[in-house]
Amino acid sequence: MLRAGMRGNWYGLLGKNFKDRFGHLGITLLSGIVGSKNAVDHGVPYSLTEEFVSVYRMHPLLPDKLRIRNIDAAPGPNKSPPLEREIDMAELIGKQGTENLSRIGLRKQIVSMGHQACGALELWNYPIWLRNLVSQNVDGTDRPDHPVDLPALEIYRDRERSVARYNDFRRGLLLIPISKWEDLTDDEEAIETLRDVYNDDVEEVDLMVGLLAEKKIAGFAISETAFIIFLLMATRRLEADRFFTGDYNEERYTKKGLEWVNTTESLKDVLDRHEAEMSSNWMNSSSAFTLWDAAPQPHNPIPLYLRLPST
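Residues numbered from 1 in each chain as written. Predicted model: local features only at pLDDT ≥ 70, side-chain atom pairs only at ≥ 80, totals over all residues. Heavy atoms only, no water.

Peer 1: Residue-level account of the nonpolar core, with values.
Peer 2: V55, F169, W181, V209, I229 and F230 are the most contacted members of the largest nonpolar core, which has 31 residues in total. Secondary-structure elements contributing two or more residues to this core are α4 (50-55), α8 (166-172), α9 (181-184), α10 (188-197), α11 (207-213) and α12 (224-239). Per element, the largest residue contribution to this core is six residues, and it comes from α11. Counting eleven residues, the second largest nonpolar core, distinct from the first, contains M89, I104, W129 and L133. (Core = buried A, V, L, I, M, F, W, Y, C linked by side-chain atoms within 4.5 Å. Buried < 20%, exposed > 50% of the residue type's maximum accessible area, 1.4 Å probe, protein only. Helix = DSSP H or I, 4+ residues; strand = E, 2+ residues; numbered from the N terminus.)

In structure tokens, the structure reads:
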């Protein structure tokens with residue numbers, strides 16, 4: 001569904017093959033947003049909204065440790081390189097992190113991350129090392145007297161910018177608000193904690209807390225609430241950007257650059273182009289965002305309009 005939606009935005013209902021052959025027809029529904037004659041910003045200059053920033057607070061995806069793989073001892077093409085060691089994520093940030101990452105090397109970093117699953121966007125899963133984050137001065141020296149509790153800061157920033165609380169946020173998106181804790185989650189421990197923290201008032205739940213607590217739709221890794229924002233912004237970021245509309249041409253991109261954009265369908269394509277040896281040796285999956293030792297999944301090449309249900 002995600003892939004179909006993105007390709008619909010980019011190529012329209014007629015699909016990529018039709019657009020590559022005949023160009024943009026001037027009708028967004030048929031040919032997609034990219035290549036439209038003019039940007040459409042709906043009266044607001046190209047920007048990212050505060051709501052988008054709020055739903056993009058996804059630090060639970062980060063692990064507490066990065067599992068470094070030994071790519072020099074890989075058992076063979078498309079096999080998982082053996083585990084070499086684990087390193088605390090706290091050692092990979094700031095000045096010390098720059099030095100450690102340089103020693104590890106970019107290729108080993110990418111392969112290691114490709115073989116390690118990310119964390120779930122759930123309650124009780126925020127990385128511990130981000131709860132006491134040592135900030136740094138502009139010269140790279142630590143500020144140990146000013147540690148940052150990042151999840152607390154993220155909640156504070158939403159409140160500071162007057163981003164709506166969870167229920168009002170859903171009302172603004174024309175989604176049904178929760179009326180009781182059981183509407184939000186089935187986790188009894190979470191319900192007990194939420195009642196205590198918010199004085200048993202569902203209207204006070206902060207947006208980030210609600211997003212992580214919310215029951216997931218089957219097949220979704222993110223909440224329905226966040227999904228609606230991503231759905232809107234995915235279109236907005238294309239139609240309001242002149243480099244995807246009026247200035248989407250060889251004059252701006254060069255002929256080769258435009259060819260790269262038009263033939264790049266995924267991050268895997270980028271890795272195949274720039275790190276062909278790495279992707280051929282250690283990526284078995286068809287997407288760079290799945291575990292690299294997963295079996296490849298075939299893509300359905302049929303244009304979107306042929307897959308739509310008849311009425």
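Peer 1: Break down the packing of helix α1 (residues 2-11) against helix α2 (residues 15-22) for me, with residues and values.
Peer 2: Across the interface, α1 lies against α2 with an axial gap of 9 Å and an inter-helix angle of 15 degrees. On the basis of their axis angle, the class for α1 and α2 is roughly parallel. By crossing handedness, the relation of α1 to α2 is classed as left-handed. For the pair α1 and α2, the contacting residues are R7, W10 and Y11 in the first and G15, K16 and K19 in the second. In terms of residue class, the contact of α1 with α2 is made up of two nonpolar, one polar and three charged. (Axes fitted to C-alpha atoms, helices over the stretch in contact; angles between N-to-C directions. Parallel < 35°, antiparallel > 145°, perpendicular 65-115°, else oblique. Left-handed = near helix turned anticlockwise from the far one by under 90°. Contact = heavy atoms within 4.5 Å. Nonpolar A, V, L, I, M, F, W, Y, C, P; charged D, E, K, R; others polar.)

Peer 1: How would you summarise helix α7 (residues 150-160) if you had to cite specific residues and measurements?
Peer 2: Taken as a whole, α7 has its buried residues at L150, P151, E154, I155 and D158. End-on view of α7: buried residues confined to an arc of 145 degrees, all on one side of the axis. Looking at the buried side of α7, the elements it contacts are α4, β4 (142-148) and α11. Positive backbone phi, approximately 60 degrees, marks S162, located one or two places after α7. (Arc of directions from axis to C-beta.)

Peer 1: Run through the UniProt feature "binding site: heme b" (unreviewed entry) in the protein, naming residues and quoting values.
Peer 2: As annotated in UniProt, the feature "binding site: heme b" (unreviewed entry) corresponds to H59 in the numbering used here. Mapped onto the secondary structure, H59 falls in the loop between α4 and β1 (65-69). Filtering out sequence-adjacent residues up to four positions away, H59 remains in contact with Y126, P127, L130, L150 and E154. Of note is the side chain of H59, whose polar atom sits 3.2 Å from the side chain of Y126. (UniProt positions renumbered as here; feature names shortened; annotations may be inferred. Polar contact = N/O pair within 3.5 Å; in protein donor to acceptor, adjacent residues only side chain to side chain.)

Peer 1: Go over unusual backbone geometry with me, naming the residues and quoting the values.
Peer 2: A positive phi angle is found at S162, which is not glycine, with a value near 60 degrees. With respect to the helices and strands, the residue S162 is situated in the loop between α7 and α8. Given a relative accessible area of 65%, S162 falls into the exposed group. With a phi angle near 55 degrees, N199 is a residue other than glycine that sits in the positive phi range.

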